[in-house]
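Tertiary structure, described
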Amino acid sequence: MKLQIRTCRLPDDLVILTEMLHRAYAELAARGWRYSATHQTPEVTERRVKAGHCFIAEMDERLAGTITVKRPNPKSTSATYREAATFMFGQFGVDPAFRGRGVGRALHEHAVQFALANGATAMALDTAVPATHLIELYAKWGYREVERCQWNDTNYESVIMKKDLKPAHAP
Ligand SMILES: CC(C)(COP(=O)(O)OP(=O)(O)OC[C@H]1O[C@@H](n2cnc3c(N)ncnc32)[C@H](O)[C@@H]1OP(=O)(O)O)[C@@H](O)C(=O)NCCC(=O)NCCS
């Protein structure tokens, strides 16, 4: 199967992207964690896409996964997300039909390259404290816990993880 990563197109992708996010995050909903992507409307997806740069992964031209990279947000309640050169990613999911084939890893790498090309020196993310399988995956990718917070719209405490980025040509 051929994997391609492209920028999300609005409004064309909105409905299928929202439906795919619900499928991808269903396993987290089943464990009682109310991530926004478990239930968000297309309008919320649109707002989240527009808040950053959203990439779509396609396998043989079928929507297989997504990730959104965001620049620092000076108004964030998280000190990490306010840092001048720390980008973050979210709305990250792969359709269960395409799992375990490197789509998630490729999307993450794409997000990192986008951040580096736009001046980032670090990347961050947040997830649910009890989602230990995700915390372990991100730790494997080099992220470390730097902060904890409680968002208004989630029913769990979040951990913020961060890693320093090095340009490909750096020693
Ligand atoms: C997390 C997620 C995006 C990974 O997508 P994916 O395409 O299956 O991931 P990949 O095939 O690229 O594999 C990524 C890593 O996970 C590991 N992995 C994949 N499937 C696995 C499984 N069933 N069990 C354990 N590890 C697994 C791989 O070994 C790989 O490790 P590596 O990067 O060291 O090679 C996907 O599982 C998902 O959408 N989960 C539900 C939504 C979610 O949790 N989003 C993140 C919220 S913070």
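Before reading on, note that the structure itself is shown above.
These remarks concern the structure in this document. Keep in mind the model is a prediction, meaning the values are calculated, not measured.

**Details of the packing of helix α1 (residues 14-30) against helix α2 (residues 42-50)**
At their nearest, the axes of α1 and α2 sit 9 Å apart, and the two run at 100 degrees to each other. As the angle between them shows, α1 and α2 are arranged roughly perpendicular. Counting all contacts with α1, which are made through L14, L17, T18 and L21, the residues of α2 involved are P42, T45, E46 and V49. For the contact of α1 with α2, the residue count by class is five nonpolar, two polar and one charged.

**Here we look at unusual backbone geometry**
For the bond from L10 to P11, the omega torsion is 5 degrees, close enough to zero to count as cis. The residue P11 is located in the loop between β1 (3-7) and α1 in this model. Backbone geometry at D60 places phi at a positive 45 degrees, although glycine is not the residue there. Positive phi values are uncommon outside glycine, yet E61 reaches one of about 70 degrees. Locating E61 in the fold gives a position in the loop between β2 (53-59) and β3 (62-70). A residue is classified by how much of its surface remains accessible, and E61, at 68% relative accessible area, is exposed.

Basis of the calculations
- Residues numbered from 1 in each chain as written.
- Predicted model: local features only at pLDDT ≥ 70, side-chain atom pairs only at ≥ 80, totals over all residues.
- Heavy atoms only, no water.
- Axes fitted to C-alpha atoms, helices over the stretch in contact; angles between N-to-C directions.
- Helix = DSSP H or I, 4+ residues; strand = E, 2+ residues; numbered from the N terminus.
- Parallel < 35°, antiparallel > 145°, perpendicular 65-115°, else oblique.
- Contact = heavy atoms within 4.5 Å.
- Nonpolar A, V, L, I, M, F, W, Y, C, P; charged D, E, K, R; others polar.
- Buried < 20%, exposed > 50% of the residue type's maximum accessible area, 1.4 Å probe, protein only.

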